[in-house]
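Close look at the chain arrangement
Below are the chains, spelled out letter by letter.
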Amino acid sequence: MTKFTTFAAAVAVAACPMIASANTAAELDANQDGYLTLDELQVAYPDMDGDQFTLLDLDANGALDAEEIAAATEAGMLPAPNEG
Ligand SMILES: [Ca+2]
Ligand SMILES: [Ca+2]
């Protein structure tokens, strides 16, 4: 069983879910659930308010998924934070 457990752990690491295409979004995703909430966005974008967030949250589920983040970025509404 030890061998199997080790193998399973290795697979789990290799299969670690990736957030689609957005490193920045992944970094902002504090709880790593794959979605950015207003609170998470405000860490990088303190000026983001509820009205802006509502505009970005296309399906109005209270969180931005990868598609919504990509759309917001393309629209210039979610500028990449300065990278040092
Ligand atoms: Ca999150
Ligand atoms: Ca959404």
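Being a predicted model, the structure only gives us computed values, none of them experimental.

Let us now look at the side chain of Asp-57. Relative to the helices and strands, Asp-57 is located in the loop between helix 4 (50-56) and helix 5 (66-74). The exposure class assigned to Asp-57 is buried, which follows from its relative accessible area of 6%. At 3.1 Å, the side chain of Asp-57 and the backbone nitrogen of Asn-61 are in polar contact. Beyond its immediate chain neighbours, meaning those up to four positions away, Asp-57 contacts Gly-62, Ala-63, Leu-64 and Glu-68.

Those residues of helix 5 lying buried are Glu-68, Ile-69 and Ala-72. Axial view of helix 5: buried residues confined to an arc of 100 degrees, hence all on one face. Among the exposed residues of helix 5, those pointing more than 90 degrees away from its buried face are Glu-67 and Glu-74. Following helix 5 by one or two positions, Gly-76 has its phi on the positive side, about 75 degrees.

Turning our attention to the coordination of the calcium ion (ligand 1). With distances of 2.1 to 2.4 Å, the protein atoms coordinating the calcium ion (ligand 1) are Asp-29 (OD), Asn-31 (OD1), Asp-33 (OD), Tyr-35 (O), Glu-40 (OE) and Glu-40 (OE). Angles of 53 to 156 degrees at the metal separate the six donor atoms of the calcium ion (ligand 1), which places the site in the irregular class. Of note, the calcium ion (ligand 1) draws all its donor residues from one chain, in the sequence arrangement D-x1-N-x1-D-x1-Y-x4-E.

At the metal site, the calcium ion (ligand 2) is ligated by Asp-57 (OD), Asp-59 (OD), Asn-61 (OD1), Ala-63 (O), Glu-68 (OE) and Glu-68 (OE), and these contacts range over 2.2 to 2.5 Å. Because the angles between the six donor atoms bound to the calcium ion (ligand 2) fall within 53 to 154 degrees, the donor set is best described as irregular. Read in sequence order, the donor residues for the calcium ion (ligand 2) give the motif D-x1-D-x1-N-x1-A-x4-E. With a relative accessible area of 43%, Asp-59 lands in the partly exposed category. Note on Glu-68: relative accessible area 4%, which makes it buried.

Here we take up unusual backbone geometry. Backbone phi values are negative for most residues with the exception of glycine, while trans is the configuration of most peptide bonds. Positive phi outside glycine occurs at Gln-32, with the angle close to 55 degrees. Structurally, Gln-32 can be placed in the loop between helix 2 (23-28) and helix 3 (38-44). You can call Gln-32 exposed: its relative accessible area is 56%. Backbone geometry at Ala-60 places phi at a positive 55 degrees, although glycine is not the residue there. Mapping Ala-60 onto the fold places it in the loop between helix 4 and helix 5. Under the relative-accessibility criterion, Ala-60 is labelled exposed at 64%.

The rules behind each value
- Residues numbered from 1 in each chain as written.
- Chains lettered and ligands numbered in written order.
- Predicted model: local features only at pLDDT ≥ 70, side-chain atom pairs only at ≥ 80, totals over all residues.
- Heavy atoms only, no water.
- Helix = DSSP H or I, 4+ residues; strand = E, 2+ residues; numbered from the N terminus.
- Buried < 20%, exposed > 50% of the residue type's maximum accessible area, 1.4 Å probe, protein only.
- Polar contact = N/O pair within 3.5 Å; in protein donor to acceptor, adjacent residues only side chain to side chain.
- Contact = heavy atoms within 4.5 Å.
- Arc of directions from axis to C-beta.
- Donors = N, O, S within 2.8 Å, 3.2 Å for Na, K, Ca; no water.
- Tetrahedral: all angles 85-135°; square planar, octahedral: opposite > 155°, others 65-115°.

What is shown is where atoms sit, not what they do.
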